[in-house]
Each structure stands twice: as C-alpha cells, then as structure tokens.
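In case you want the letters, here they are:
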Amino acid sequence: MKILTLIDGSKWSHKGTLHAVSIAKKKNADIVLLAVLDRREARTMAFNYCTQSDKCDIIGTYEQNIWRDMRRNIETELAAAWDYCTSEGCRCTTKIREGDRREEIVREVRDGGYTLVIMGAHGRSAKPALGSTLSDIAGEIETPVLIVP
Amino acid sequence: MGYFNSLLQRKFKDVAGKRYETIARDYREFLLTEEETVVPEVLSILMPLDYFVKEIPPQLYETLSSYERAKVTLVYIVDMEVIRIVADSLDEKAIAEFRRKREAFGEDLLNRVITSLEGAGLTVTSRMFAGEKFDNILELMKGYDLIAVSKKYGTLTTEIAPLSSVTLKLAQMARVPIIVY
C-alpha cells in the first residue's frame, strides 16, 4: 500500500499526516508527503504589495524573496512531517513539485501508483477547500481520496 | 505530540511572544487542539450506494481493511423523486417493473460489495429503501465515524463534471473523515 499525503502547512494537512501514519502502521504502507508550490502565488503577493505600498521599484526582488520563503517554509514543514512519520516507524519520503496545484497532484497520483490520497478539508486560509480542489482532483483520478475535516 | 508542539513553537509561539495565549484563543481555528492530535478510532463506516455506483475500486477495500474493528453499513437508496417522475408518465404496472429492476440492481450491487468487504475482513450490514439520496444520507451520517462515497453517487456524472454534486455537498457537510472514490 502507498499513501500520498498533501501538505500545505495548514493544521488540516497536519491532521492528514496523522491519519496517514495511523493507516500506514496497520497496513505497513509507504507514505509520500507532497507539497506543490505555485509561483503565481508569489507573483500575486508581490503585485499586491506593489499596488498597495507604492514601492513598485522592488517588486522583482520582493517576488524573489517571497518565492524563496515559500520554498523554505514548505521544506521545513515537510521535514517536520517526515520526522514525525519516521519516529512512528513508518517508511516516508517527501516531494516538492512546482506548478499548477491541480495538474501537479493529478500527475503525481497517476505516475505514483498510490492506493490512497489524503488531503485536509480546509486550506491555509481555513476556508473550505473542497469545492474546486476536490472536483479537480477526485474527478481526474481513480485513487480514493480521504478528506480530513 | 512532539511533532505538533515543535511546529507550534516554531511557527507561532516564538513570534507571538507574550500575546501567545490571547492570539491562540482568538485564532484557535488555525491551531491543533490536544484532542485533534489523536486520530479517533473508526468503529462505524457508512457507505451509500445507488444506481449510479457501478464499480468500486480495489484500493477502497484495501483502505477500509485498515479499520479492522469497524462495522460497515451499506445503504442502497432507490430515488423516490425518480419514482415520482416515472409515476407521472406511466401506469402502475410500469412503475412496479421500474422499481423491481432498480431493486434487483441494488441487491446485486449490495451482494458484490458485501462479499468484497467481508473478504477484506470487515463486518457488514446492509439495507435498501426508497428515499431522498442526499437528505437521508446527510441525516444518517451523524451516527458514523467514517463515510465512503462514490464520486458518481446520486447523479449522472460527465467528463466535464466528473464529481457528483450530491457527493460534493456530502463531503462539504461531513463532520467526520470522508473517502471519495
């Protein structure tokens, strides 16, 4: 058995990790912790900063810094989740993909031969993430998706 | 526990400093509580089925088998609204035949799923009735630890809308983990 757990740094993805470990311990499963980084988020934040602060001369640097921090944060996040998985005796690997969230997740699921995908019911904004994300992902793959509220 | 404590320490507690307690209270929806760090044991699983659920992937059985102490309840619902629509156009005999065929399909599906679930080591009960696919399941969901629902449940799905609107709504309203397959 092979479980893909989607990590975005929210408490719901932490809960997803807990469920993944719980199942993996019973089924001797492998866990892959996946984070997807979308450069457009950094561009959006940089552009919004420019329009709101009137400091557009540093927009390029600001975008680079945001992108660097996004990557650093998610690496730390994945490392912590990996520590937890391995400390519980599970086989665990981490992956970061860059690009459109839906496309990258679907590609990973199709290429990875997973038995189960685990995702949180909410994203970092705490708003329900289930509308488009679930439609986009569950509709495109054959693998069951466990949604953790 | 160490995992989450360290995350909180790193991400928030040090930054918030003296205001930690206040902020933790006011923004508690972003933080894991002690209770949330424990995965609740799954002892009951609800699995709605209907005419649109033709196949169940083997990965679902493998996943459900990890809840070895759980009892699975299969619920096959014949849509009352469809029966009403048919009743508006056809005679009693045709309606009875329509219902008989839907129930025969349900019996066959239930038997196949029961065999597979029992083969995965799970205890299974089943029931079939005519009702409202969304309302009845929404009400039933309250008594279960886990829901497993097909992405085709409740409505006809298409290539551009591959996830049933009934399933999406159930997933959005579930207060327990839900597996969409």
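See the structure above.
Here the structure is a predicted model, which is why all the values come from computation and not from measurement.

The rules behind each value
Residues numbered from 1 in each chain as written. Chains lettered and ligands numbered in written order. Predicted model: local features only at pLDDT ≥ 70, side-chain atom pairs only at ≥ 80, totals over all residues. Helix = DSSP H or I, 4+ residues; strand = E, 2+ residues; numbered from the N terminus. Pairing = 2+ DSSP bridges. Axes fitted to C-alpha atoms, helices over the stretch in contact; angles between N-to-C directions. Buried ≥ 20, exposed ≤ 12 C-beta atoms within 10 Å, placed from the backbone. Core = buried A, V, L, I, M, F, W, Y, C linked by C-beta atoms within 7 Å. Contact = placed C-beta atoms within 7 Å. Right-handed = clockwise from strand over helix to strand, strands pointing away. Nonpolar A, V, L, I, M, F, W, Y, C, P; charged D, E, K, R; others polar.

Examining unusual backbone geometry
Phase 1 of the analysis: A positive phi angle is found at asparagine 28 of chain A, which is not glycine, with a value near 55°.
Phase 2 of the analysis: Considering the arrangement of structural elements, one finds asparagine 28 of chain A in the loop between helix 1 (11-27) and strand 2 (30-37).

With respect to the sheet that holds strand 5 (residues 145-148) of chain A
Phase 1 of the analysis: Within the open sheet, the ten strands sit side by side as 3(A)-2(A)-1(A)-4(A)-5(A)-5(B)-4(B)-1(B)-2(B)-3(B). Their pairing is mixed. The sheet is open, and its two edges are formed by strand 3 (91-98) of chain A together with strand 3 (123-131) of chain B, each paired on a single side. Shown here is a sheet whose adjacent strand axes are inclined to one another by a mean of 20°, direction ignored.
Phase 2 of the analysis: Direction of pairing for strand 2 of chain A relative to strand 3 of chain A: parallel, over a ladder of eight bridges. Among the inter-strand pairings, alanine 35 of chain A is bridged to a residue of strand 3 of chain A, identified as isoleucine 96 of chain A.

Overview of the pairing of strand 5 of chain A
Phase 1 of the analysis: Alternating residues of strand 5 of chain A divide into Val145 and Ile147 of chain A and Leu146 and Val148 of chain A, and every residue in both groups is buried.
Phase 2 of the analysis: Sheet topology note: the strand 5 of chain A/strand 5 (residues 178-180) of chain B ladder contains three bridges and is antiparallel. Within strand 5 of chain B, the residue paired with isoleucine 147 of chain A across the bridge is isoleucine 178 of chain B.

Some points on the nonpolar core
Phase 1 of the analysis: Formed by 75 residues in total, the largest nonpolar core has its most connected members in Ile3 and Ile147 of chain A together with Ile45, Ala148 and Val180 of chain B.
Phase 2 of the analysis: In this view, isoleucine 3 of chain A contacts Ala20, Ile23, Ala24, Ala29, Ile31, Tyr114, Thr115, Leu116 and Ile118 of chain A; residues no more than four positions away in its chain are not counted.

Thoughts on the pairing of strand 1 (residues 2-6) of chain A
Each regular strand shows side chains that alternate between the opposite faces of the sheet.
Residues and elements named next belong to chain A.
Phase 1 of the analysis: With four of five residues buried, strand 1 lies mostly within the body of the structure.
Phase 2 of the analysis: Note: strand 1 against strand 2, five bridges, orientation parallel. When the bridges of strand 2 are listed, lysine 2 appears paired with aspartate 30.
Phase 3 of the analysis: For the segment spanning strand 1, helix 1 and strand 2, crossover handedness is right-handed.
Phase 4 of the analysis: The pairing of strand 1 with strand 4 (residues 116-120) spans three bridges and is parallel.

Overview of the interface of chain A and chain B
Phase 1 of the analysis: Each partner contributes residues to the interface: chain A has 30 residues there, and chain B has 31 residues.
Phase 2 of the analysis: At the level of elements, helix 1, helix 3 (59-87), helix 5 (130-138) and strand 5 of chain A are the ones that each hand at least two residues to the side of chain A that touches chain B.
Phase 3 of the analysis: Among the elements that take part in the side of chain A that touches chain B, helix 1 of chain A stands out by supplying nine residues, more than any other.
Phase 4 of the analysis: When grouped by side-chain class, the residues that make up the side of chain A that touches chain B number 17 nonpolar, seven polar and six charged.

Interpretation note: all reported values are geometric properties and have no functional meaning in isolation.
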